[in-house]
Amino acid sequence: TLEAAIDVLNQLGRVVVCGYISQFNTDEAYGIRNMAQVLNKRLRIEGFFVVDLFAEYGAKHQKDVSTWLLNKEFIYKEDITEGLDNGPDAFVNLLTGKVFGKAVVKIADL
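Residues numbered from 1 in each chain as written. Predicted model: local features only at pLDDT ≥ 70, side-chain atom pairs only at ≥ 80, totals over all residues. Heavy atoms only, no water.

## Topic: the environment of L39
Looking at where L39 falls in the secondary structure, it is placed in helix α2 (residues 35-40). Among the residues examined, L39 registers a relative accessible area of 66% and is labelled exposed. Considering only alpha carbons, one finds L39 and A108, 69 residues apart in sequence, at a separation of 52 Å. (Helix = DSSP H or I, 4+ residues; strand = E, 2+ residues; numbered from the N terminus. Buried < 20%, exposed > 50% of the residue type's maximum accessible area, 1.4 Å probe, protein only.)

Right, here's the structure in full:
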């Protein structure tokens, strides 16, 4: 996907990288074959983790998302697996693309 994106990015384009789940189960990491396009188009590829932004945006984000959820302005999907014993299967399903939405393992009713 990244290679396809690099091919169609405009000059001075930017790519934000925040995960690499496609390589979690590989024995050997693979590289990007069209890196010359990054140079030719003067692209910028930058990685980040969500925790990098939490100090600046965390409180506002929590307030905004809470409001959106209460007002049903933000619709989400969950894939709920019942029971801790089924947790490993839920994790495998997550890594193999069988989950759509947020993966949850339900261990008790509150």
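There is more to say, and it comes next.
## Concerning helix α4 (residues 87-95)
Looking at α4, one finds that the buried residues are G87, A90 and L95. Looking straight down α4, one finds that the buried residues subtend no more than 135 degrees of arc, so they occupy a single side. Exposed positions of α4 whose direction lies more than 90 degrees from the buried face are P88 and D89. Buried residues along α4 sit in contact with β3 (78-82) and β4 (102-106). Positive backbone phi, approximately 80 degrees, marks G97, located one or two places after α4. (Arc of directions from axis to C-beta. Contact = heavy atoms within 4.5 Å.)

## Details of the pattern of salt bridges
Where charged atoms from two side chains of opposite charge approach closely, those side chains can pair. Across all of its chains, the model carries four salt bridges by this definition. R44 is paired through a salt bridge with E46; the nearest N and O atoms lie 2.5 Å apart. By relative accessible area, which is 39% here, E46 ends up partly exposed. In this structure, the salt-bridge partner of D109 is K106, at a minimum N-O distance of 2.8 Å. (Salt bridge = Lys/Arg side-chain N within 4 Å of Asp/Glu carboxyl O.)

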